Amino acid sequence: MFLTNLCLKNYRNYKSAELQFENKVNIILGENAQGKTNVMEAIYVLAMAKSHRTSNDKDLICWEEEYAKIEGRAIKRKGPLSLELIISKKGKKARSNHIEQPKLSQYVGNINVVMFAPEDLNLVKGSPQIRRRFIDMEIGQVSPVYMHDLSQYQKILQQRNHYLKLLQSNRHNDETMLEVLTDQLIELAAKITLKRYQFLDLLQKWAEPIHYEISRGLETLEIKYRPSIDVSEDVELSRIIEAYNEKFAKIKDREIDRGTTLVGPHRDDLAFDVNGKDVQTFGSQGQQRTTALSLKLAEIELIFSEIGDYPILLLDDVLSELDDFRQTHLLNTIQGKVQTFVTTTSIDGIEHEVIKEADIYKVVSGQIAKV
């Protein structure tokens, strides 16, 4: 799949912008704080209906405006597609081929993107929250059901935490409602846990050979899921439900004392082992970066294997963060098969055919034009 058109209105520092793209590498050049990343973010938001940079949608709306609008046209294996997303202070409205989508979970996945930004290099050494977000966003692109389950889980989690706080402060002493919320939470938590195991099993199959190649045959990568319950990866849904029931029964008093839910997908983590050692704790910066790059390149192949279309790749100020060998490997991988958007302040010193053949766009103070 590839993006042919992008129109922005009142988006960040773009009052208005209309762009056409080809199915190749598109380089967005400009000094810092001119609006390069805003273009990348707009493509990401068009695909995912949320930003990778902020959880506050109001940040996306141009100063003193009521709404922001992103429109895009794409070509997919099944044919052309038009998308529209309107972001206002009241919420978001999404249209696919001019038909309004009642739920954002039904809209996400119309086009697929893989974002690789400097903060993704923290995927390995950063907080568990970064890794949970990574896995949720990637599964969500290929599974609308997962997005729906995750959304429902977060709502019930909020209600359960609220009720635990009432029990903690003795404003309620009836635990029946807690049992009802726990049962609802377990049903969704088990589905999410199982889907994460299945997804990571697929990701492992793609990431391991990629990592082996980037490390010149010296390293073997293993991805491990670390759930907050005692289950293994070859487990069935019924066993996961059983494990959650056992765990919640055991920690009920502690949860009431703390006023919060202590177990569930919102507490889980991933671990990455290189040659049998945890790369987060024992890996060099080079190994951590190779792991992050391997995961991103594996995502591209995984999405293709699931939907039959390559995703759009967004490389936001990340080429300068990679050494020549990793840079070359990345550019060789995408050459001729993945539409790619690259933001950078300069392409000097990048001697690669992909860059020489790329279309270049220049950004200055919220104005963008093809060079």
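Predicted, not measured: the structure shown is a model, and the values here were computed from it.

**Looking at the sheet that holds strand β12 (residues 312-316)**
No. 1: With mixed pairing, six strands are arranged side by side in an open sheet as β8-β12-β13-β3-β14-β15. The two strands at the open ends of the sheet, each matched to only one other strand, are β8 (113-116) and β15 (367-370). Averaged over all pairs of adjacent strands, the angle between their axes in this sheet comes to 20°, without regard to strand direction.
No. 2: Helix-sheet contacts for helix α8 (residues 285-307) involve β8 and β12, and the interaxial angle to β8 is about 170°.

**Some points on unusual backbone geometry**
Peptide bonds are, in most cases, trans, and in most cases residues other than glycine have a negative phi.
No. 1: You will see that D317, though not glycine, has its phi angle at about 55°, which is positive.
No. 2: As for its position among the elements, D317 is in the loop between β12 and α9 (324-334).
No. 3: Judged by relative accessible area, D317 falls into the partly exposed class, the value being 23%.
No. 4: With a phi angle near 50°, S365 is a residue other than glycine that sits in the positive phi range.
No. 5: Position of S365 among the secondary structure elements: in the loop between β14 (359-364) and β15.
No. 6: A relative accessible area of 54% means that S365 is categorised as exposed.

**Notes on the UniProt feature "domain: RecF/RecN/SMC N-terminal" (unreviewed entry) in the chain**
No. 1: When the UniProt feature table is mapped onto this chain, "domain: RecF/RecN/SMC N-terminal" (unreviewed entry) is found at residues 3-347.
No. 2: For residues 3-347, the helix share is 45%, the strand share is 22%, and the end-to-end C-alpha distance is 23 Å.

**Concerning the pairing of strand β5 (residues 79-88)**
No. 1: Of all ten residues in β5, seven are buried, a share of seventy percent or more.
No. 2: Relative to β5, strand β4 (residues 67-76) is paired through ten bridges, and the arrangement is antiparallel. Following the sheet pairing, I75 is matched in β5 by P80.
No. 3: Connecting β4 to the next strand, β5, in antiparallel fashion are two residues.

**Some words on the environment of S284**
No. 1: Among the secondary structure elements, S284 is positioned in the loop between α7 (279-282) and α8.
No. 2: Taking the C-alpha atoms as reference points, S284 and N245, 39 residues apart in sequence, are found 40 Å from one another.

**Description of the side chain of Q339**
No. 1: Checked against the element boundaries, Q339 lands in the loop between α9 and β13 (340-344).
No. 2: Here the side chain of Q339 touches E22 through a polar contact of 3.0 Å, landing on its backbone oxygen.
No. 3: Every residue in contact with Q339, bar those within four places of it in the chain, is listed here: M1, F2, L3, F21, E22, N23, K24, N26, P311, I312 and L313.

**As for the UniProt feature "binding site: ATP" (unreviewed entry) in the chain**
No. 1: In the numbering used here, UniProt assigns the "binding site: ATP" (unreviewed entry) feature to G30, E31, N32, A33, Q34, G35, K36 and T37.
No. 2: Residue position: G30 is located in the loop between β3 (25-29) and α1 (36-48).
No. 3: Overall, the relative accessible area of 2% leaves G30 in the buried class.
No. 4: In this structure, G30 is in contact with K36, T344, T345 and V363, ignoring residues within four places of it in sequence.
No. 5: Structurally, G35 can be placed in the loop between β3 and α1.
No. 6: Residues in contact with G35, not counting those within four places in the same chain, are N13, Y14 and V363.

**Quick notes on a negative patch on the surface**
No. 1: Where like charges cluster on the molecular surface, the negative patch consists of D174, E179, D183 and E187.
No. 2: Position of E187 among the secondary structure elements: in helix α5 (residues 176-214).

**A word on the pairing of strand β6 (residues 91-96)**
No. 1: Bridge count for β5 against β6 is six bridges, and the pairing is antiparallel. Among the inter-strand pairings, L85 is bridged to a residue of β6, identified as A94.
No. 2: Linking β5 to β6, which pair antiparallel, is a turn of two residues.
No. 3: What sits between β6 and strand β7 (residues 99-100) in their antiparallel hairpin is a turn of two residues, with N97 showing a positive phi close to 50°.

**A look at helix α4 (residues 144-168)**
No. 1: Along its 25 residues, α4 runs 36 Å from first to last C-alpha, staying within 8% of the 36 Å computed at 1.5 Å per residue.
No. 2: Phi for N170, located one or two positions after α4, is positive at around 60°.

**Here we look at the sheet that holds β7**
Sheet strands line up and pair through hydrogen bonds in the backbone, either parallel or antiparallel.
No. 1: Read across the sheet, six strands follow the order β2-β1-β4-β5-β6-β7 without closing on themselves; strand pairing throughout is antiparallel. Two strands lie at the open edges of the sheet, namely β2 (14-20) and β7, each paired on one side alone.
No. 2: Judged from the seven bridges that link them, strand β1 (residues 2-11) and β4 form a sheet pairing that is antiparallel. Bridging from a neighbouring strand, K9 pairs with K69 of β4.
No. 3: Packed on one face of the sheet, α1 meets β1, β2, β4 and β5 and runs near 110° to β1.

What counts, and where the lines are drawn
Residues numbered from 1 in each chain as written. Predicted model: local features only at pLDDT ≥ 70, side-chain atom pairs only at ≥ 80, totals over all residues. Heavy atoms only, no water. Pairing = 2+ DSSP bridges. Helix = DSSP H or I, 4+ residues; strand = E, 2+ residues; numbered from the N terminus. Axes fitted to C-alpha atoms, helices over the stretch in contact; angles between N-to-C directions. Contact = heavy atoms within 4.5 Å. Buried < 20%, exposed > 50% of the residue type's maximum accessible area, 1.4 Å probe, protein only. UniProt positions renumbered as here; feature names shortened; annotations may be inferred. Polar contact = N/O pair within 3.5 Å; in protein donor to acceptor, adjacent residues only side chain to side chain. Patch = residues over 30% accessible without salt bridge, like charges linked within 9 Å, V, L, I, M, F, W, Y side chains within 5 Å. Areas by Shrake-Rupley, 256 points an atom, 1.4 Å probe, with all protein chains shown as cover. Salt bridge = Lys/Arg side-chain N within 4 Å of Asp/Glu carboxyl O. Lys, Arg positive; Asp, Glu negative; His and termini not counted. Charge placed at Lys NZ, Arg CZ, Asp CG, Glu CD. Expected span 1.5 Å × (residues − 1).

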